[in-house]
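What follows is each chain in one-letter form.
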2 protein chains.
Amino acid sequence: MSILVFGHKNPDTDSICSAIAMAELQTKLGKDIKAVRLGNLNKETEYILNYFNIELPELIEKVKDEQEVILVDHNEKGQSVDNRDNSKILLIVDHHKIDLSTADPINLRFETVGCTSTIIAKLFKENNLVPSKEIAGLMLSAIISDTLLFKSPTCTDEDIKQAKYLAEIAEIDYEKYGMDMLIAGTSVDDKTAEEIYNMDMKPFSFGDQTATVAQVNTVNINDILKRKNELIKVMQEKIKNDKLSFALLMITDIVNKGTELLVVGDKTLANKTFGLDMSKDTVYLEGVVSRKKQIVPPLTNAAN
Amino acid sequence: MSILVFGHKNPDTDSICSAIAMAELQTKLGKDIKAVRLGNLNKETEYILNYFNIELPELIEKVKDEQEVILVDHNEKGQSVDNRDNSKILLIVDHHKIDLSTADPINLRFETVGCTSTIIAKLFKENNLVPSKEIAGLMLSAIISDTLLFKSPTCTDEDIKQAKYLAEIAEIDYEKYGMDMLIAGTSVDDKTAEEIYNMDMKPFSFGDQTATVAQVNTVNINDILKRKNELIKVMQEKIKNDKLSFALLMITDIVNKGTELLVVGDKTLANKTFGLDMSKDTVYLEGVVSRKKQIVPPLTNAAN
Ligand SMILES: [Mn+2]
Ligand SMILES: [Mn+2]
């Protein structure tokens, strides 16, 4: 039985590309491994796999007991494959906060960099291996996606260094390719409000409140805001079905660097954390582009 | 304020030597850092620091708010410094099971090898650095200690590879030095029963039961067993004071590779896990030398 490698549910570009890159790395190391995914691709990732002519990884929902797995770009149980508790985790490579408890020793490689693919690029080097041209292109794409072309505050010198190294292998002008790729990811005209909300949505716990935080990138915030009423309805449904305290949507302008934060449900924590006017649905957060660094930690701190 | 680096409470050789080695690594990387310890040295570690003429790290009990720390050889809160929740963890290097939850992304390097110093030796190489002769000797000592001179089932090819590399730098005959060092660590004639129990003792949770598991290495199990009644009294006190379900002492013969397991308190789980005769205090476990690999996981599994 092959080892399976996958990123989080509701996969973003990093989760898909890092899984495929990890599969190439482990294959070069002599392992029998297959990259899979836990959800549908977003437009950006579709553009990337198409650009590099890479086959779509198989969709899975759960794993068999004792299945050997490698996790990339996530570690929390709620974001992972069903039945993970009965699988055998060989390795986790991630760049998020951790919430993990195991019965046995485990291999972990967590770095506070902007993208999981940055760490995987380092793993290739540490093993004296070089990724293929296409896989280098995928890892470069993941770094561009997670760091918004190096403009996110999560971006580190290490991300830029590895991205430039990967761009050389892939023979790509990363500035031009990166902007094309990001813009390809922002088109939502053919999407329902529900699809927009679920595109890049993650569940979190803040103190004793549970919530979802979704993010949609755009080059024009009003393109999304004009569908506010539809979106609020979807988020209210989500709160009801999943028994959440509240639901957030980050509408992030990737050119001007800022986020219109849409808050549905109990607004108390968003008020305390971001100064949301309680009579309104949204608050504009200048310079905020990162869920992981600028939205989740302040909410966690305010809740404790 | 210097970064502080330390191993677990009740430090064993790996916790002391890995902290000192990590301090040298980070110093070479330009960081202001100091190795400290969370408890008294055991005889083996005393022998080692004396052999390599290395200064005793300062003893600390808690850290100030916002103190930057690096943890080696442990990750669980109960085994770490007081006030850790208010410190800033920069990095954890460990080879144990994990139980950790953070508010922010974190740097983690966990490998399923026999010793933390094995991982630190790899970190030196990855950064194109070579440890000094003395620090190589300390890391070699930690590997010998944690793997019982490569005889423990926790020992991996990677441990042996790094130990041989370190022995070359340290210019040491590791077979001879290793046996001298291990035997130096087994003398308990000048110790009270309480000191014996606390020398290498760690707290654990198994399902809803809490317990302590201590280990003492010896070249003659009867040397320790002749003090059974004293030891039982100490363990009963421990159970009462810390409200434990039970307390274990592994009396491990490092030459013949086996453990006499002394069980005090509620014997149900030890009976279920190791076939302890309920009318007796001890059971001999042939081939068992590792708490981490051969005692804790079976107890965890039996409890769930
Ligand atoms: Mn990522
Ligand atoms: Mn250790």
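Conventions adopted
Residues numbered from 1 in each chain as written. Chains lettered and ligands numbered in written order. Predicted model: local features only at pLDDT ≥ 70, side-chain atom pairs only at ≥ 80, totals over all residues. Heavy atoms only, no water. Least-squares fit on C-alpha atoms with pLDDT ≥ 70 in both. Contact = heavy atoms within 4.5 Å. Helix = DSSP H or I, 4+ residues; strand = E, 2+ residues; numbered from the N terminus. Buried < 20%, exposed > 50% of the residue type's maximum accessible area, 1.4 Å probe, protein only. Lys, Arg positive; Asp, Glu negative; His and termini not counted. Salt bridge = Lys/Arg side-chain N within 4 Å of Asp/Glu carboxyl O. Buried area = accessible area lost by both parts, 1.4 Å probe. Polar contact = N/O pair within 3.5 Å; in protein donor to acceptor, adjacent residues only side chain to side chain. Nonpolar A, V, L, I, M, F, W, Y, C, P; charged D, E, K, R; others polar. Pairing = 2+ DSSP bridges.

> Got a sec to walk through the relation of the copies chain A and chain B? Specific residues and values, please.
Copy one and copy two of the chain differ by a rotation about a common axis and a shift along it. Overlaying chain A with chain B gives an RMSD of 0.0 Å, the required rotation being 180 degrees about an axis along which the chain moves by 0.0 Å. What the superposition gives is, in effect, a two-fold axis relating one chain to the other. Interface overlap between copies is the fraction of interface residues in one copy that are interface residues in the other; for chain A against chain B it reaches 100%, indicating a shared surface.

> Please give an account of the environment of Y165 of chain B that cites residues and values.
Residue and element names in this part refer to chain B. Along the chain, Y165 turns up in helix α5 (residues 157–170). Given the relative accessible area of 25%, Y165 is considered partly exposed. In the structure, Y165 is positioned 44 residues away from A121 in sequence and 8.9 Å away in space, judged by C-alpha atoms. With residues near it in sequence (within four places) discarded, Y165 still touches K125 and V130.

> Which residues make up the side chain of D94 of chain A, and what values go with them?
Residues and elements named next belong to chain A. Within the secondary structure, D94 is located in strand β5 (residues 88–94). There is no salt bridge for the buried D94, and the closest opposite charge comes from K292, which lies 6.8 Å off by N-O distance. When sequence neighbours within four positions are dropped, the list of residues in contact with D94 reads D73, H74, N75, R109, F110, E111, T116 and I119.

> Account for the interface of chain A and chain B, with residues named and values stated.
Bring the parts together and some accessible area is lost; that lost area is often taken as the interface size. Between chain A and chain B, the contact holds 22 residues from the first and 22 residues from the second. Taken over both partners, the interface formed by chain A and chain B buries close to 2000 Å², and the fraction arising from carbon and sulfur atoms is 53%. Contact with chain B buries surface across chain A, with I98, P105 and L108 of chain A losing the most and accounting together for 26% of the total. Summed over the shared surface of chain A and chain B, the number is zero salt bridges. Taken together, chain A and chain B are joined by seven residue pairs in polar contact (both at pLDDT 80 or more). Residue assignment for the side of chain A that touches chain B shows that the elements contributing at least two residues are β6 (97–105), β7 (107–110) and α11 (291–303) of chain A. A total of nine residues in the side of chain A that touches chain B trace back to one element, the largest contributor, which is β6 of chain A. Tallied by class, the residues present in the side of chain A that touches chain B amount to eight nonpolar, seven polar and seven charged. By the bridge criterion, three bridges tie β7 of chain A to strand β7 (residues 107–110) of chain B in an arrangement that is antiparallel. The residue of β7 of chain B that forms the bridge with L108 of chain A is F110 of chain B.

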